[in-house]
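An overview of the molecular structure
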Amino acid sequence: MQRNYSYYKKVFEDVPKPFGFVDLDLLDENVGQIIARAGSKNIRIATKSVRSTALLKRILHRSPLFCGLMCFSPEEAIYLVKQGMDDIVMGYPIWEPSALSGLAELIRQGKSITLMVDSIRHIEHIERIAERHGVRFPVCLDMDMSMDIPGLHFGVWRSPIRSAADAMPVVEKILSSGGVSMDGVMGYEAQIAGVGDHYPGMAAKNALVQKLKQRSVKQIAGKRAELVDMIEDALGAPLRFVNGGGTGSMHTTTLEHAVTEVTVGSGFFAPGLFDHYKDFRYKPAAGFAVEIVRKPKEQLYTCLGGGYIASGASGKDKMPKPYLPEGAVLLSLEGAGEVQTPVLYKGEEQLELGDPIFFRHAKAGELCERFNQLYGVSEGRIVEHISTYRGDGQCFL
C-alpha cells in the first residue's frame, strides 16, 4: 500500500489536528529489518527513542533477541518496571541519592537494574547507597569511543575512560567492592551511529565523514576487545553483556566478536535525521500533522503550530521535515514555529484551508513529548490509540 498524501489524508480525515501517529505496518517492517541486521547479537531498546509503554512491549514481544531496555532516567526505569518490564541498563551515571535509593529497592525485589559508571567517584558514591539499603548494585563500565585526530574530536564527550589502561583503576575498585559488582561494558560509537554520511549535494563532506568512519571502526573494535579481555581476565569469568552501537552503526558493531548486544532506538520510527546514511534506510513509521489555516499567497500555506524542534546543536537538521505532500518545504527565514509554520508547496495536490501537512520529527521519541497519544495506523485505517509517556502522565528526560 503506497504511503502518499492521499493515503494518510483519508485515514485521518475525521481526526482533529494537530496529532501524532505511528504507521504500525512500517514499524513492523523496521523491527523485522533490525532483527535481521542484528544477526546473532541481542538487541537492547533505547527507550528515549520510543517513549510509549505499549510500543515498547510490542517491540519486545516480537523476538527473543530483544533482551531488555536502556533507560536514561531512574524515574523512567522505576515506572517501566511497574509496567512489567525488566533487564534495564541505565545509559548514563546517576548521582541523585533518592533516585539511587529507588533503584536499590527494585534490586532488593529481584529486578535486573544495572548502573552506568566511569569513575572511582561513581563507585564510592554508589557504595554508600548500597550499604544503606543492604544491596549490591550491578554496574556497567562506560568507555569513550571517540577518535581524536589533529584539529578534530570525532565523536561526543562521554566517559573519561579512553583505554583499557584508563579503566584498570576503576575495574580494580569494582572488583574489591562489597557494594557493586561488575555486570557489563558499554561503548557508544556516536561518531558512526549518530552522524549521517549521505547528504544530497554534499559529496565532499560525505566522502570525508565516510573515511573518518572507516578509520574509527577499526580503532573502536580494537579498543573494545582490549577492554573486554582485560576485565574478563581480572574477573575470571565472562561479562554478562558487552553493549555497543546504535541504529546508525549496527552494520559494523554487530561484526565485533566482543560485542554481545547492540542498542537500537531511532531505527524503529526512522525520523528525519536517519534519511542520510549510506549503509541503510528504514521506513518513515512515525510523524505528526498540523492544519493549514492561512494561504498568504499562491503556493504558500501557513499551518498552526508545528515547531517541534529536536535536541542537540541547533541547526536546520533539527527542524521537523515536511513529509507529505511530497515536495513541501519549510521557508529558510521562518522554519517551524511555535505558533505558525509556513510551508511552500508547488506540487499537484490541491491544498485547502483545514487540510493537513504531514511532518516527520528530526529525532525519534521526542515526538511523543508533544502528544498524549499516537494514532496507530494499519492497512489504511486507525486501529489503535497508543498512549505515550505524556499520555500516561509521565515526564522523563
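Residues numbered from 1 in each chain as written. Predicted model: local features only at pLDDT ≥ 70, side-chain atom pairs only at ≥ 80, totals over all residues. Heavy atoms only, no water.

**Examining the pairing of strand β13 (residues 300-304)**
Let me state the cut-off plainly: When accessible area is computed with a 1.4 Å probe and restricted to protein chains, residues below 20% of their type maximum are described as buried, those above 50% as exposed, and intermediate ones as partly exposed. Only runs of H or I of at least four residues qualify as helices and only runs of E of at least two qualify as strands under DSSP, and these elements are numbered from the N terminus. Strand pairing is assigned whenever DSSP detects at least two bridges linking the two strands.
By the criterion of burial, β13 is predominantly enclosed, with four of the five residues buried. Counted along the chain from strand β12 (residues 286-297) to the antiparallel partner β13, the turn is two residues long, and its residue Q299 has a positive phi close to 70°.

**Considerations on the layout of surface pockets**
Worth spelling out the cut-off: In this analysis the probe radius is 1.4 Å and the grid spacing 1 Å, with only protein atoms considered; a cavity is a set of points the probe fits into but cannot get out of, a pocket is an open set with protein on both sides within 12 Å along at least five of seven lines, and lining residues have an atom within 4 Å of a point. Grid points are joined across faces, edges and corners, and a volume is the space filled by probe spheres set on the points. Here the term charged refers only to Asp, Glu, Lys and Arg, the term nonpolar to Ala, Val, Leu, Ile, Met, Phe, Trp, Tyr, Cys and Pro, and the term polar to all other amino acids, Gly among them.
Looking at the second largest pocket, its volume works out to about 500 Å³. Contributing to the lining of the second largest pocket are 18 residues, with K316, D317, P320, K321 and P322 lying nearest its centre. Contributions of two or more residues to the lining of the second largest pocket are made by β14 (321-324) and β15 (329-330). Residues belonging to the lining of the second largest pocket are distributed by class as follows: twelve nonpolar, three polar and three charged.

**A few points about the nonpolar core**
For clarity, the cut-off: In this text, buried Ala, Val, Leu, Ile, Met, Phe, Trp, Tyr and Cys residues form a nonpolar core when linked through side-chain atoms within 4.5 Å. When checking whether two residues touch, look at their non-hydrogen atoms; a contact exists if any pair is within 4.5 Å.
Counting residues in hydrophobic clusters, the biggest one holds 118 residues, and the most contacted among them are F12, L103, F137, F268, F269 and F358. Counting residues per element, this core draws most heavily on helix α2 (residues 24-38), which supplies seven residues. With sequence-adjacent residues up to four places away left out, F269 is seen in contact with V22, L27, N30, S49, V50, L55, K283, P284, A285, A286, A364 and C368. Among the nonpolar cores identified, the runner-up in size contains seven residues, and M70, F72, C140 and M186 belong to it.

**Side note on empty space enclosed by the protein**
As enumerated under the stated definition, the model contains one cavity of 30 Å³ or more in all. Volume-wise, the largest cavity comes out at about 60 Å³. Every residue lining the largest cavity is listed: F269, A270, P271, A286, R360, H361, K363, A364 and L367. Within the lining of the largest cavity, the residues separate by chemical class into six nonpolar, one polar and two charged.

**Considerations on the pattern of salt bridges**
Defined as follows: Whenever a carboxyl oxygen of Asp or Glu lies within 4 Å of a side-chain nitrogen of Lys or Arg, that contact is scored as a salt bridge.
A complete count under the given rule lists 22 salt bridges for this structure. Note that R158 and D142 form a salt bridge whose closest N and O atoms lie 3.3 Å from each other. Taken as a pair, R158 in the loop between β8 (152-154) and α7 (164-175) and D142 in strand β6 (residues 137-142) lie far apart in primary sequence, 16 residues in all. Taking relative accessible area as the criterion, D142 reaches 4% and is therefore assigned buried. Connected through shared salt-bridge partners, R44, D87, D183, R240 and E261 make up one network.

**A short note on the side chain of D118**
Put simply, the test is: Positive charge is attributed to Lys and Arg, negative charge to Asp and Glu, and no charge count is given to His or to the chain ends.
Mapping D118 onto the fold places it in the loop between β5 (113-117) and α6 (120-133). Among buried Asp, Glu, Lys and Arg side chains, D118 stands out as unpaired, with R158 the closest opposite charge at 7.9 Å. Setting aside chain neighbours within four positions, we find D118 in contact with P93, L141, D142, S159, P160, I161 and V170.

**Notes on α6**
Selection rule: Helices are assigned an expected span. That span is 1.5 Å times one less than the residue count.
End to end, α6 covers 20 Å across 14 residues, agreeing with the expected 20 Å (1.5 Å per residue, within 8%). Along α6, the positions that sit buried rather than exposed are H122, I123, H125, I126, E127, I129, A130 and H133.

**Quick notes on the sheet that holds strand β4 (residues 88-90)**
Convention followed: Only the stretch in contact is used when a helix axis is fitted, and all axes are lines through C-alpha atoms; the angle between N-to-C directions ranges over 0 to 180 degrees.
The strand order around the closed barrel formed by eight strands is β2-β3-β4-β5-β6-β9-β10-β11, and the pairing between neighbours is parallel. Strand-to-strand twist in this sheet, taken as the mean axis angle between neighbours without regard to direction, amounts to 30°. Across four bridges, strand β2 (residues 42-46) lies against strand β11 (residues 261-264) in parallel orientation. Each bridged residue has a counterpart across the sheet, and for N42 the counterpart in β11 is E261.

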